[in-house]
Amino acid sequence: METEFLPAKRNGTWILGVLLLVFLAASLLLIYSASQDPVRSSYLLKLACGIALWAPLLFCLKRMYELRTMTYRLSRSALTLRWGVRQLVFPMDMIRWARSAADFEHELPIPFFSFPGCILGRRKIAGLGETRFLAVDKKQMILIALPEGALVISPQDREAFIRTYEKMYELGSPEKVAYSASGITDLWNRVWQDQTAKRLLVASLAAVLLLWVFLGILMASLRQVMWVSLEIVPANRLILLGVLGSFIWAGNLLLGVYFYLQEQVQRGMVYLLWGASLLSILILIAAAAIMSF
């Protein structure tokens, strides 16, 4: 018997969605502006700022995926937490107690880079030790004590979770379950052991790096190129090809890994997706060469 509890994901999804759009729009605007700027020092600064915004963009994307997949599962044997590609399994006899955080006199300090709707991370708390947060709502927080450290979660129905935990704890565990933790490394190893997938991923990464090197050489040696519209434009505009290639590579990589691990489609379709990245980037390299000569 296993009971699944979910956090309230709506607020965090909206906030992360808005942040994603803001960072994406700002990055694209800066990169596009750089492609139109004839002054080399100025376009390099804009390009660097535009690419730097990819870091918070990817962070928000990662947080949204973790939030959308966050679940808490209770059984007589264990508490299982899942978010993103990570999963933790805590045997029931490893849990000392589970109480509402509202029962305590002092409010729990939350991890850095957290906000309402998405409270993820770790924080050392006096009296508790290292505490892992997988929560979204301060009002629904549950504190779970472990032999070393603690957990903080926030199911939508806090009282139902506590009642279910107490009931299952009283019934006792029918089987011995070991603590386990799996993450991106374990899942990535599954992909990397597939020789076909490995070759396609290495080849597509090499291709996108080659694209940027080739574009850098062209932009450093040429002042103007003929664009797809057959007009003469500053060579800086070739940046757009690099950005397009990078988005195609990153998007197909993430989608392919997701489908590969979830086994929702045939392996051949995943290989085709990664192969499409390689082909698309080679086409962009050829396009840049044609525009330059």
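Please read all numbers here as calculations on a predicted model, not as lab measurements. (Residues numbered from 1 in each chain as written. Predicted model: local features only at pLDDT ≥ 70, side-chain atom pairs only at ≥ 80, totals over all residues. Heavy atoms only, no water.)

Participant: Could you give an account of the packing of helix α5 (residues 184–192) against helix α6 (residues 195–221), naming the residues involved and the relevant values?
Facilitator: One can describe the packing of α5 onto α6 by two numbers: an axis separation of 7 Å at closest approach and a directional angle of 100°. What the angle tells us is that α5 and α6 run roughly perpendicular. Touching Trp188, Val191 and Trp192 of α5 are Ala197, Lys198, Leu201 and Val202, all from α6. Here the residues of the contact of α5 with α6 sort into six nonpolar, no polar and one charged. (Axes fitted to C-alpha atoms, helices over the stretch in contact; angles between N-to-C directions. Helix = DSSP H or I, 4+ residues; strand = E, 2+ residues; numbered from the N terminus. Parallel < 35°, antiparallel > 145°, perpendicular 65-115°, else oblique. Contact = heavy atoms within 4.5 Å. Nonpolar A, V, L, I, M, F, W, Y, C, P; charged D, E, K, R; others polar.)

Participant: How would you summarise the pattern of salt bridges if you had to cite specific residues and measurements?
Facilitator: Applying the stated criterion to the full structure yields nine salt bridges. Taking the shortest distance from any N to any O, the salt bridge between Glu66 and Lys62 comes out at 2.8 Å. Taken as a pair, Glu66 and Lys62 lie in helix α3 (residues 54–68) at a separation of four residues, close to a single helical turn. Relative accessible area serves as the criterion here: at 43%, Lys62 is assigned to the partly exposed category. Measuring nitrogen to oxygen at the nearest pair gives 3.7 Å for the salt bridge that ties Arg267 to Asp194. Taken as a pair, Arg267 in helix α8 (residues 267–292) and Asp194 in the loop between α5 and α6 lie far apart in primary sequence, 73 residues in all. By relative accessible area, which is 12% here, Asp194 ends up buried. (Salt bridge = Lys/Arg side-chain N within 4 Å of Asp/Glu carboxyl O. Buried < 20%, exposed > 50% of the residue type's maximum accessible area, 1.4 Å probe, protein only.)

Participant: Just give me the short version of the nonpolar core, but keep the residues and values in it.
Facilitator: What tends to happen in soluble globular proteins is that the nonpolar side chains get buried as a cluster. Counting residues in hydrophobic clusters, the biggest one holds 33 residues, and the most contacted among them are Leu81, Ile144 and Phe161. Elements that contribute at least two residues to this core include exactly α1 (10–36), α3, β2 (71–75), β3 (78–83), β4 (86–91), β8 (142–145), β9 (150–153) and α4 (158–171). Ignoring any residue separated from it by four or fewer positions in sequence, one finds Phe161 in contact with Phe5, Tyr72, Leu74, Leu79, Ile142, Ile144, Ile153 and Pro155. Counting residues in each nonpolar core, the second largest holds 23 residues, with Ala34, Ala207, Leu241 and Met291 among its members. (Core = buried A, V, L, I, M, F, W, Y, C linked by side-chain atoms within 4.5 Å.)

Participant: So what about the sheet that holds β9? Which residues, and what values?
Facilitator: Spatially, five strands are ordered β5-β8-β9-β7-β6 in an open sheet, and the strand pairing comes out mixed. Every other strand in the sheet has two partners, leaving β5 (97–100) and β6 (119–125) as the edge strands with one partner each. If you compare each strand with its neighbour and ignore which way they point, the axes differ by 20° on average. Pairing of β8 with β9 involves four bridges; the strand directions are antiparallel. What sits directly across from Ile144, in β9, is Leu151. Against the sheet, α4 makes contact with β5, β8 and β9, and its axis sits at roughly 160° relative to β5, the strand it touches most. (Pairing = 2+ DSSP bridges.)

Participant: Please provide a residue-by-residue account of unusual backbone geometry, values included.
Facilitator: A positive phi angle is found at Phe113, which is not glycine, with a value near 60°. Classification of Phe113 as exposed rests on a relative accessible area of 68%.

Participant: Tell me about the packing of aromatic side chains, residues and numbers included.
Facilitator: Throughout the structure, instances matching the rule amount to six aromatic pairs. Consider the rings of Phe59 and Phe113, whose centres lie 6.5 Å apart with planes at 65°: the pair is edge-to-face. In this pair, Phe59 sits in helix α3 while Phe113 sits in the loop between β5 and β6, placing the two residues 54 residues apart along the sequence. Here the guanidinium or amino end of Arg99 rests over the ring plane of Trp97, the centre of that ring lying 4.4 Å away. One cation-aromatic arrangement involves Arg123 over Phe112; the distance from NZ or CZ to the ring centre is 4.8 Å. (Phe/Tyr/Trp six-rings, centres within 6.5 Å; stacked < 30°, edge-to-face > 60°. Lys NZ or Arg CZ within 6 Å of the ring centre and 35° of its normal.)

Participant: Could you give me a rundown of the sheet that holds strand β10 (residues 180–182), with the residues and numbers involved?
Facilitator: Across the sheet, five strands lie side by side as β1-β2-β3-β4-β10; this open sheet has antiparallel pairing. What marks the edges here is a single partner per strand, and that holds for β1 (2–5) and β10. When the angles between neighbouring strand axes are averaged without regard to direction, this sheet yields 15°. Lying on the sheet, α4 is in contact with β1, β2 and β3; it crosses β2 at an angle near 30°.

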